[in-house]
Structures are given as structure tokens and as C-alpha cells.
Amino acid sequence: MNFEKARFNMVEQQVRPWEVLNPRVLDILGEVKREDFVPPRHRKLAFADLPIPLDHGEFMMKPVVEGRLLQALELTGDEEVLEIGTGSGYMAALLAARAEHVVTVENRPALVAVAKQNFERAGITNVTIELGDGGKGWSQRGPFDAIVVSGSIPAVPDALLKQLRVGGRLAVVVGEAPVMEAQLITCTADGIYNTVNLFETVIPALDGVAAKESFFF
């Protein structure tokens with residue numbers, strides 16, 4: 001299989017037509033080797049327009065969703081970014097290509113080990129992976145300029161919003177199947193948040209993140 005050609009086709013035939021038009025985002029999707037973050041048994045599906053199963057019931061999001069969320073964050077290169085739900089590490093790798101540093105939180109020890117191996121193989125040095133409850137964020141390194149949740153959640157936990165610095169953005173898919181909405185939530189002042197609905201989608205739920213205490217918009 002020609003992975004370079006397949007990656008190019010993913011960008012041009014799937015991601016770009018889905019309103020991902022930021023040239024740098026498109027470049028990153030073409031440069032980061034998605035196939036190296038996919039379980040070996042699914043490697044030929046690396047560029048398919050579908051969620052890819054990982055171990056322990058988790059999934060990689062579809063490339064179009066990853067591209068839209070990355071574009072919405074409008075990273076410029078000097079941000080401290082938090083990702084909730086590391087999985088195989090692919091989204092963190094995309095974020096790392098556009099940010100100063102990425103903290104990514106995963107609640108499955110086996111996936112932490114896999115992601116660490118993937119980062120090392122890819123030569124990515126500006127990602128820190130932590131084992132923990134992503135629903136609580138990672139306040140030890142906050143506040144953050146940007147947060148992304150790599151899976152759907154029923155509502156947004158207070159803890160994530162409180163770890164956004166003023167001007168910070170949270171990209172997240174909220175809701176339960178069959179109705180989910182990708183949202184960009186911006187902290188406009190201390191304790192004040194503005195929400196923009198980006199697009200409707202349905203993606204797998206993020207394991208282990210509940211929203212017992214939530215902000216509603």
C-alpha cells in the first residue's frame with residue numbers, strides 16, 4: 001500500500017471538502033503519519049472515513065473530525081494545550097505540530113504505553129502523557145490556551161472549563177447518539193464562556209468521562 005498517496009488522498013478527498021481550508025492544518029494532516037498511530041491489524045484502514053477501533057473499547061476519530069477540531073482551535077505555535085483521551089496518540093501528534101507543548105491524559109495504562117511508543121517512534125518531544133481521569137482535566141499544568149476532547153461526552157465538565165485561561169478555547173463534541181454537536185467554547189473573561197456550534201456529527205463516546213457537574217449554554 002502506498003501510504004504517502006493514501007494520506008494525500010485523505011487530505012484532498014475527505015478533509016478539504018469538509019471545510020478544512022487552513023493550509024497549515026492540511027499540511028500537518030499530510031505530514032503526520034496516521035498509519036503509524038493505527039493498530040497494525042487496522043493499518044490498511046488508516047485513512048478510511050470512519051472511526052478506527054483501538055484496544056480497550058476506544059477509537060480514533062475520523063480524519064474529518066480531527067481536521068475540523070484542529071482548525072477550530074486556531075493554534076499559532078506558542079500554546080500550552082491539553083488533550084483529554086490520548087488513545088493511540090495521533091491527535092496529540094497533530095496538536096504538537098502546532099503548539100508549544102501538549103499535555104494529554106489517558107485513563108488506560110496499556111494505551112499510555114502504546115502512545116509513548118508512538119511518540120518516540122515519530123520523534124515527538126513536546127508531548128507529555130499522563131495517566132488519569134480526563135474528566136478532571138490536568139490542573140497541575142493549567143491553565144491552558146486550548147483543550148480538545150478526543151471523543152464525545154454528554155456534557156462539558158466544569159473542571160475543563162475552569163482550566164481554560166482567558167482567551168482559551170475548548171473544542172469538544174457534546175451530546176449522545178444520534179444527536180451530537182461539535183462546539184468551540186471560548187473563555188472570554190474569568191468564569192464567562194461563549195459557545196459556537198461548529199457542525200453536527202456522531203463519534204464514539206470517550207470512555208470514563210462523565211459530566212455530573214456541567215455548564216449548559
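Since the structure is predicted, the reported quantities are computational estimates derived from the model, not experimental observations.

### Focus: the pattern of salt bridges
Applying the stated rule across the entire model yields 9 salt bridges. A salt bridge links Arg16 to Glu12; the shortest N-O distance between them is 2.9 Å. Given a relative accessible area of 28%, Glu12 falls into the partly exposed group. A salt bridge links Glu80 to Arg141; the nearest nitrogen and oxygen atoms lie 3.1 Å apart. Of this pair, Glu80 sits in strand S3 (residues 80–84) while Arg141 sits in the loop between strand S5 (127–131) and strand S6 (144–153), placing them 61 residues apart in sequence. Using a relative accessible area of 36% as the deciding quantity, one classes Arg141 as partly exposed. Taken together, the shared-partner salt bridges in this structure form one network comprising Glu4, Arg7 and Glu35.

### Overview of unusual backbone geometry
Put simply, Gly142 and Pro143 share a cis peptide bond, and its omega is 0°. Inspection of the secondary structure assignment puts Pro143 in the loop between S5 and S6. Ala177 connects to Pro178 through a cis peptide bond whose omega is 10°. With respect to the helices and strands, Pro178 occurs in the loop between strand S8 (164–176) and strand S9 (179–189). Phi angles above zero are rare outside glycine, and Glu19 is one such case at about 70°. Look at Glu19 and you get exposed, because its relative accessible area is 53%. Positive phi outside glycine occurs at Glu74, with the angle close to 50°. Tracing the chain through its elements places Glu74 in the loop between helix H3 (63–73) and S3.

### Some thoughts on the packing of aromatic side chains
Under the counting rule described, the total for this entry stands at 3 aromatic pairs. With a centroid separation of 5.0 Å and 70° between ring planes, the pair formed by Trp18 and Phe199 is classed as edge-to-face. In this pair, Trp18 is assigned in the loop between helix H1 (3–15) and helix H2 (23–31) and Phe199 in strand S10 (residues 192–201), connecting sequence segments 181 residues apart. By relative accessible area, which is 30% here, Trp18 ends up partly exposed. Classification of Phe199 as buried rests on a relative accessible area of 8%. Geometry around Phe3 places Arg43 over its ring, the cationic atom sitting 4.5 Å from the centre. Directly above the ring of Trp18 sits Arg68, whose terminal nitrogen or CZ lies 5.5 Å from the centroid.

### Brief notes about the nonpolar core
Counting residues in each nonpolar core, the largest one holds 51 residues, and the members touching the most others are Leu69 and Leu95. The leading source of residues in this core is helix H4 (residues 90–96), at 7 residues. Residue contacts for Leu69: discarding those within four places in its chain leaves Met61, Met91, Val148, Val149, Ala171, Val172, Ala182 and Phe199.

### Let's talk about the confidence of the model for the protein chain
Summary statistics for the protein chain give a mean pLDDT of 93 and a share of 95% for residues scoring 70 or more. Note on residues 211–217: pLDDT is under 50 here. Beyond four places in sequence and across chains, it has 18 contacts.

About the cut-offs
- Residues numbered from 1 in each chain as written.
- Predicted model: local features only at pLDDT ≥ 70, side-chain atom pairs only at ≥ 80, totals over all residues.
- Heavy atoms only, no water.
- Salt bridge = Lys/Arg side-chain N within 4 Å of Asp/Glu carboxyl O.
- Buried < 20%, exposed > 50% of the residue type's maximum accessible area, 1.4 Å probe, protein only.
- Helix = DSSP H or I, 4+ residues; strand = E, 2+ residues; numbered from the N terminus.
- Phe/Tyr/Trp six-rings, centres within 6.5 Å; stacked < 30°, edge-to-face > 60°.
- Lys NZ or Arg CZ within 6 Å of the ring centre and 35° of its normal.
- Core = buried A, V, L, I, M, F, W, Y, C linked by side-chain atoms within 4.5 Å.
- Contact = heavy atoms within 4.5 Å.
- pLDDT = per-residue confidence, 0-100.

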